[in-house]
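# Commentary on secondary and tertiary structure
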Amino acid sequence: MHGHQIGDCTLLHANSLDALPIIGAVDHIVTDPPYEQRMHEAAKAVSNFRVDKGPELRAIPFDSIDVIRADFINLAQKVCEGWFVGFCNLEGVGKWADAINTSEMKYKKACVWVKPDATPQFNGQCPATGAECFVTAWCGSGRSKWNAGGKRGIYTHLTNSKDRHGVHPTEKPLRLMKELLADFTNEGDLICDPFMGSGTTGVACAQMGRKFVGVELNRNYFDIAVKRIGDAYKQPDFFVPQPVAI
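What comes next is a walk through the structure. Being a predicted model, the structure only gives us computed values, none of them experimental.

It is the contact of helix H1 (residues 16–23) with helix H3 (residues 69–79), at a shortest axis distance of 9 Å, that shows an interaxial angle of 15°. The angle between H1 and H3 falls in the class roughly parallel. The handedness of the crossing between H1 and H3 is left-handed. Across the interface between the two elements, Leu17, Leu20 and Pro21 from H1 touch Asp71, Phe72, Leu75, Ala76 and Val79 from H3.

Here it is in structure tokens:
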């Protein structure tokens, strides 16, 4: 296990199942776990040729969540003291809800990320997928609480925005992650992303005054996350006090 410290961000090159038992308590888990096997198989079958001028499509180069979901939830519930927010495809919501409901977490809602620029259905045989979900669960004591009052759980952001890094195949928009942090977390909170990927959640934390611990097994994505988060400290939100990057 290799660690890297950048300001208030701790980055671990490790398997999330190995890292979660040793990182200690965190305020919230906000993460984009691997998709279900069905999505991985669909990604392998899709054409790499796009007609809408979007980025080239690629197969997903990591294993699905199915075989480790229960173990992951079991470990996550032991360290998370606030919100658990986890992305999934629409068909995966029920599987996540079932796993969460067998744990000590309190399942709350499935929310929707609407993608106005989602990939078309190239073969024309059925509707294209224009949205993705994330499930929410409360791990704290007492009633759940967030910062968005009666706001609906619908978030609309372009997949291919101008600030997209573009190397990780399931990268989430930075603006989406910043909106989620604003709604579910507070300045100074410690946010954990056990499936950090190329580090977008860490970038959002660095820019918004949140502490962060991210875990990534793939060395290439880990190195990208280190660079992106380091760069984020050089371009902070000037309304948020920033720690000094080391």
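Looking now at the environment of Trp146. With respect to the helices and strands, Trp146 occurs in the loop between strand E6 (131–138) and strand E7 (154–156). Separated by 37 residues in sequence, Trp146 and Asp183 place their C-alpha atoms 6.1 Å apart. Discounting residues that sit within four places of it in the chain, Trp146 has contacts with Trp83, Lys151, Tyr155, Asp183 and Phe184.

This next bit is on a positive patch on the surface. The grouping of Lys106, Lys108, Lys109 and Arg143 at the surface amounts to a positive patch. Along the chain, Lys109 falls in strand E5 (residues 106–114). Under the relative-accessibility criterion, Lys109 is labelled exposed at 58%.

On to the nonpolar core, then. With 32 residues, the main nonpolar core has Leu11, Phe134, Leu180, Phe212 and Ile229 as its most contacted residues. Only strand E2 (9–13), strand E4 (83–88), E5, E6, helix H5 (174–184), helix H6 (200–208) and helix H7 (219–234) provide two or more residues apiece to this core. When residues no more than four places from it in sequence are discounted, the contact partners of Leu11 are His2, Gly3, His4, Ile6, Met196, Phe212, Gly214, Phe222, Ala225, Val226 and Ile229. Core analysis: the second largest hydrophobic core is formed by 28 residues, Ile29, Cys80, Ala99 and Val215 among them.

The next thing to look at is the environment of Gly149. One can find Gly149 in the loop between E6 and E7. Spatially, the C-alpha atom of Gly149 lies 8.9 Å from that of Asp183, the residues being 34 residues apart in sequence.

What follows deals with H7. With 16 residues, H7 ought to run about 22 Å at 1.5 Å a step, and its terminal C-alpha atoms sit 23 Å apart, in line with that. Buried within H7 we find Tyr221, Phe222, Ile224, Ala225, Val226, Arg228, Ile229, Gly230, Ala232 and Tyr233. Taken together, the buried residues of H7 touch strand E1 (2–6), E2, H6 and strand E9 (211–216). The N-capping residue of H7, defined by a side-chain oxygen 2.9 Å from the backbone nitrogen of Asn220, is Asn218.

Our next topic: the packing of aromatic side chains. Applying the stated criterion across every chain yields a total of 10 aromatic pairs. On the basis of an interplanar angle of 65° and a centroid distance of 5.2 Å, the ring pair of Trp83 and Trp138 is categorised as edge-to-face. One end of the pair, Trp83, is in strand E4; the other, Trp138, is in strand E6, and 55 residues separate them in sequence. For Trp83, a relative accessible area of 6% gives the class buried. For the pair Trp146 and Phe184, a centre-to-centre distance of 5.0 Å together with 50° between the ring planes defines the contact as tilted. A residue pair is termed long-range when its members are at least 10 positions apart, and Trp146 in the loop between E6 and E7 and Phe184 in helix H5 qualify at 38 residues. Members of the aromatic cluster, connected to one another through ring pairs, are Phe72, Phe84, Trp96 and Phe195. Here the basic side chain of Arg69 rests over the ring of Trp96, its NZ or CZ set 5.0 Å away from the ring centre. The residue whose ring lies beneath Lys172 is Phe87, and the NZ or CZ to ring-centre distance is 5.2 Å.

A few words on the pattern of salt bridges. Using the criterion set out here, one finds 10 salt bridges in the structure. Note that Asp231 is salt-bridged to Lys234, the shortest N-O span being 3.8 Å. Residue Asp231 and its partner Lys234 are located together in helix H7, separated by three residues, close to a single helical turn. Residue Lys234 is classed as exposed on the basis of its relative accessible area, which comes to 65%. By sharing partners, the salt bridges in this structure join Asp32, Lys115, Glu132 and Lys172 into a single network.

Relative to E2, E1 runs antiparallel, the two being bridged by five bridges. Its bridge partner being in E2, Gln5 is matched across the sheet by Thr10. If you look at the hairpin formed by E1 and E2, you'll find two residues sitting between the two strands, and Gly7 has a positive phi there, around 55°.

What counts and how
- Residues numbered from 1 in each chain as written.
- Predicted model: local features only at pLDDT ≥ 70, side-chain atom pairs only at ≥ 80, totals over all residues.
- Heavy atoms only, no water.
- Axes fitted to C-alpha atoms, helices over the stretch in contact; angles between N-to-C directions.
- Helix = DSSP H or I, 4+ residues; strand = E, 2+ residues; numbered from the N terminus.
- Parallel < 35°, antiparallel > 145°, perpendicular 65-115°, else oblique.
- Left-handed = near helix turned anticlockwise from the far one by under 90°.
- Contact = heavy atoms within 4.5 Å.
- Patch = residues over 30% accessible without salt bridge, like charges linked within 9 Å, V, L, I, M, F, W, Y side chains within 5 Å.
- Areas by Shrake-Rupley, 256 points an atom, 1.4 Å probe, with all protein chains shown as cover.
- Salt bridge = Lys/Arg side-chain N within 4 Å of Asp/Glu carboxyl O.
- Lys, Arg positive; Asp, Glu negative; His and termini not counted.
- Charge placed at Lys NZ, Arg CZ, Asp CG, Glu CD.
- Buried < 20%, exposed > 50% of the residue type's maximum accessible area, 1.4 Å probe, protein only.
- Core = buried A, V, L, I, M, F, W, Y, C linked by side-chain atoms within 4.5 Å.
- Expected span 1.5 Å × (residues − 1).
- Polar contact = N/O pair within 3.5 Å; in protein donor to acceptor, adjacent residues only side chain to side chain.
- Phe/Tyr/Trp six-rings, centres within 6.5 Å; stacked < 30°, edge-to-face > 60°.
- Lys NZ or Arg CZ within 6 Å of the ring centre and 35° of its normal.
- Pairing = 2+ DSSP bridges.

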